[in-house]
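Letter by letter, the chains look like this.
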Amino acid sequence: MAATNFSLAQAPRSASGGATGSLPSLGDNSELSAAAERRIGDRIAASIYRDPDYVDDPVLGDYLQSIWQPLLTAARSRGELQAELDERFAWDLFLIRDRSINAFALPGGYFGVHLGLIGSVGSSDEMAAVLAHELSHVTQRHISRLMTQQSRQAPWMIAAMILGVLAANKSPNAASAAIVGGQAVAAQGQLNFSRDMEREADRVGFGVMTDAGFDSRGVTTMFEKLQQAARLNDSGAFPYLRSHPLTTQRIAEAQSRLQLSSAAAIQPSKESQANAGKAHELHAMMAARARILAVPGVDALHAIVAEARHRSASLQALASPASADNIRDAGALYGGVFAAAQLRDFAGARSLLTRLKPLTAEIPRANTAVELLAIEIDLLAGVVPPSASSVDMAKTRSRAEVLTQARSLMAAHRARDVSDRLQTWVAAHPKDAMAWQLLAVAYGQQNQTVRAIRADAESRAAQLDYPAARDRFKAAQSLMRSNPSSADYVEGSIIDTRTRQVELLIKEQALQDKVDR
Ligand SMILES: [Zn+2]
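Values in this document were obtained by computation on a predicted structure and should not be read as measured data.

> Can you break down the overall build of the protein chain residue by residue, with the values?
Looking only at helices and strands, one finds 23 helices and six strands in the protein chain. Scored against the burial criterion, the 517 residues of the protein chain give a buried share of 51%. A separation of at least 24 residues holds for 70% of the contacts in the protein chain among residues at least 6 apart in sequence.

> An account of the packing of helix 21 (residues 449-462) against helix 22 (residues 466-482) is needed here, citing residue identities and associated values.
Relative orientation of the contacting elements helix 21 and helix 22 amounts to 165 degrees, with a least axis distance of 7 Å. Viewed along their axes, helix 21 and helix 22 adopt a mutual orientation that is roughly antiparallel. As for the relative orientation of helix 21 and helix 22, their crossing is left-handed in sense. Side by side, helix 21 and helix 22 meet where Thr449, Val450, Ile453, Arg454, Asp456, Ala457, Glu458, Arg460 and Ala461 of the first sit next to Tyr466, Ala468, Ala469, Arg472, Phe473, Ala475, Ala476, Leu479 and Met480 of the second. Here the residues of the contact of helix 21 with helix 22 are counted per class, giving twelve nonpolar, one polar and five charged.

> An account of the packing of aromatic side chains is needed here, citing residue identities and associated values.
The full count for this structure, using the stated rule, is seven aromatic pairs. Taking 5.7 Å as the distance between ring centres and 40 degrees as the angle between the ring planes, the aromatic pair formed by Phe89 and Trp91 counts as tilted. Among the aromatic side chains, those forming a connected cluster through ring pairs are Tyr49, Tyr54, Phe94 and Tyr110. A cation over a ring is seen here: Arg257 above Phe206, with NZ or CZ 6.0 Å from the ring centre. If you follow Arg289 out to its NZ or CZ, it ends over the ring of Phe338, 4.5 Å from the centre.

> Now, about the nonpolar core: what can you tell me, with residues and values included?
The biggest cluster of nonpolar side chains holds 121 residues, and the ones touching the most others in it are Leu71, Met285 and Leu356. If one sorts the elements of this core by residue count, helix 2 (residues 58-77) sits on top with ten residues. Among all residues touching Met285, those that are not within four sequence positions of it are Ala330, Gly331, Tyr334, Leu356, Thr360, Ala366, Ala369 and Val370. Judged by nonpolar contacts, the second largest core, of 23 residues, contains Val402, Leu409, Leu422 and Ala452.

> Could you give me a rundown of the sheet that holds strand 3 (residues 54-55), with the residues and numbers involved?
Judged by pairing direction, the sheet is mixed, and its four strands sit side by side in the order 3-4-6-5 without closing on themselves. If you trace the sheet from one side to the other, it starts and ends with strand 3 and strand 5 (103-106), each paired once. Strand direction decides the pairing type here: strand 3 and strand 4 (residues 92-96), joined by two bridges, are antiparallel. Considered in strand 4, the bridge of Val55 is made with Leu95. Along the sheet face, helix 5 (residues 124-139) touches strand 5 and strand 6 (110-114) and points at about 20 degrees away from the line of strand 5.

> Describe the pattern of salt bridges, with residues and values.
For the coordinates displayed, the defined rule picks out 31 salt bridges. A salt bridge links Asp325 to Arg328; the shortest N-O distance between them is 2.7 Å. Remark: Arg328 and Asp325 occur in helix 15 (residues 324-342); sequence separation between them is three residues, near one turn of the helix. Taking relative accessible area as the criterion, Asp325 reaches 40% and is therefore assigned partly exposed.

> Requested: an account of helix 2, with residues and values cited.
Over its 20 residues, helix 2 runs 28 Å from end to end, which matches the ideal 28 Å to within 8%, given 1.5 Å per residue. A bend of about 30 degrees at Gln65 is the largest found in helix 2. Among the residues of helix 2, those classed as buried are Pro58, Val59, Leu60, Tyr63, Leu64, Ile67, Trp68, Leu71, Leu72, Ala74 and Ala75. Count one or two residues on from helix 2 and you reach Gly79, which has phi positive near 80 degrees.

> So what's going on with unusual backbone geometry? Residues and values would help.
Generally, phi is negative for residues other than glycine and the peptide bonds are trans, each holding for most cases. With phi around 60 degrees, His413 is a residue other than glycine that occupies positive phi space. In this fold, His413 is placed in the loop between helix 18 (399-411) and helix 19 (415-428).

> Before we move on, could you go through the pairing of strand 4 and cite the residues and values that matter?
Most of strand 4 is tucked away: four of the five residues are buried. Sheet topology note: the strand 4/strand 6 ladder contains five bridges and is parallel. When the sheet's bridge partners are listed, Leu93 is paired in strand 6 with Phe111.

> Account for the packing of helix 15 against helix 17 (residues 364-381), with residues named and values stated.
With their axes 10 Å apart at the nearest point, helix 15 and helix 17 run at an angle of 15 degrees to one another. By the angle between their axes, helix 15 is roughly parallel relative to helix 17. Both helix 15 and helix 17 take part in a crossing whose hand is left-handed. Here helix 15 contributes Tyr334, Val337, Phe338, Ala341 and Gln342 to the contact with helix 17, which in turn contributes Ala369, Leu373, Glu376, Ile377 and Leu380. For the contact of helix 15 with helix 17, the per-class residue count stands at eight nonpolar, one polar and one charged.

> Quick one: what's the story with the environment of Ala332, residue by residue and with numbers?
Mapped onto the elements, Ala332 comes out in helix 15. In sequence terms Ala332 and Leu356 are 24 residues apart; their C-alpha atoms lie 9.1 Å from each other. When residues no more than four places from it in sequence are discounted, the contact partners of Ala332 are Glu307, Ala308 and Arg311.

> How would you sum up the pairing of strand 5? Please name residues and give values.
The side chains of a regular strand alternate, first on one face of the sheet and then on the other. Side chains of strand 5 alternate between two faces, with Ala103 and Ala105 and Phe104 and Leu106 buried alike. Connecting the antiparallel pair strand 5 and strand 6 is a turn made up of three residues, with Gly108 showing a positive phi of about 80 degrees.

> Go over helix 20 (residues 433-445) with me, naming the residues and quoting the values.
Along its 13 residues, helix 20 runs 19 Å from first to last C-alpha, staying within 8% of the 18 Å computed at 1.5 Å per residue. Those residues of helix 20 hidden inside the fold are in contact with helix 18, helix 19 and helix 21. Just downstream of helix 20, Asn447 is the residue with a positive phi angle, here 60 degrees.

> Give me the side chain of Arg250: which residues, what numbers.
On the secondary structure map, Arg250 appears in helix 12 (residues 248-264). Within polar-contact distance, the side chain of Arg250 engages the side chain of Asp202 at 2.6 Å. Those residues within four positions of Arg250 in sequence are excluded, and the remaining contacts are His133, Glu198, Arg199, Asp202, Phe223, His244 and Pro245.

How each quantity is defined
Residues numbered from 1 in each chain as written. Predicted model: local features only at pLDDT ≥ 70, side-chain atom pairs only at ≥ 80, totals over all residues. Heavy atoms only, no water. Helix = DSSP H or I, 4+ residues; strand = E, 2+ residues; numbered from the N terminus. Buried < 20%, exposed > 50% of the residue type's maximum accessible area, 1.4 Å probe, protein only. Contact = heavy atoms within 4.5 Å. Axes fitted to C-alpha atoms, helices over the stretch in contact; angles between N-to-C directions. Parallel < 35°, antiparallel > 145°, perpendicular 65-115°, else oblique. Left-handed = near helix turned anticlockwise from the far one by under 90°. Nonpolar A, V, L, I, M, F, W, Y, C, P; charged D, E, K, R; others polar. Phe/Tyr/Trp six-rings, centres within 6.5 Å; stacked < 30°, edge-to-face > 60°. Lys NZ or Arg CZ within 6 Å of the ring centre and 35° of its normal. Core = buried A, V, L, I, M, F, W, Y, C linked by side-chain atoms within 4.5 Å. Pairing = 2+ DSSP bridges. Salt bridge = Lys/Arg side-chain N within 4 Å of Asp/Glu carboxyl O. Expected span 1.5 Å × (residues − 1). Bend = angle between axes of the 7 residues up to and from the residue. Polar contact = N/O pair within 3.5 Å; in protein donor to acceptor, adjacent residues only side chain to side chain.

Okay, here's the thing in structure tokens:
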């Protein structure tokens, strides 16, 4: 009976195709249920969280979310993202430290984005083109149809196979290859989307990115870039091309779609052009950041610093925002500051930072990124950021701002301000493992040990490591028993409840493994 946990849902999708062009389902016309697909996705996610190449960089994360959230909103309002999937799936992005150009969709609404992709695309429009395509593979249930063939296997086994494919797709020069799984070769063929699926993801993705306000020319410039890269480079650094072969048909379709849409479109307003320009400086800076976080090696870091010094010396009168010069200079200088800091040349970093600031002063989002960079440099140098004395945590909004300022206040021994703000933050973002971790440190500094252990437990639970979370919740419980004054009644009952919830999750998972095997 419990086997129905992993049984196939009756496919609601019609096989008629018709005007919407949805693909007929494969074989027995069945799909994996959304709940079963999410369970498989959660197992894969739990492994990725533990992989040393998983990167949680709040600054790049905010930048990706500024592209991702409008795409999700557009997919919802176009009716591509059905309510059930919207609710059941994670719709979450993983950043992976890998220099190859790749993005991929996983079961359950998880997506992987390689740092190499962010470092290589030329604009947020190109980034949106790739993400909208991947998003559409999931909203159109392509993944579930591919997995239907494996549906008699246990979730952990399917998860292991997919992790094996991920490991096989890693670039050979990736920092490490700790993602391991079984049967990579066997699964490889089965995880490739069909040509029809690729064309459907192109078509749906195009509509989604256009509705989300991105320049649809991003699709064709991305295609051109990938084609060029494929001609120049055959070293396997482009897994995206392997999984998404650029057929001449796909390119032709993208071009005709673009012509149709631009014939119908009105001229972009001054304001939207200015907005696009604003995103360009930010993109250039985030691309530079991604290239450096991908650990390119000491020589490459020195080259980035040298390039920034060269540009800084030739900065004449300030170029106007959104001009090609300003975009290029902002990217090069941001990269130079960050690279110099990695090389522990903090004086060099600060002098380049002084040159960078005027370039973004008029561009709000880029300016915030530069302010956060200044704080990061101080923290890396082991200095209390000067701004820490005047920070008002209540006014921090974005995740990067909240977490960076929290670290800056910790350096200034304002742990109480940090825990006050982060308590509110995690209430709204309970899956933010890094915030829980910082909260644990802030409580620790205030000698609130039970709360610190609980926050640590929550950070493990947020990364789906339930056994580790249970161990910590239990440690908090035994501390409370041995020292009843260590926590108040409310804290104690929260911990008891959370311990039971996590134990239940562990039991359920063990049960599924048994039944499905
Ligand atoms: Zn695809």
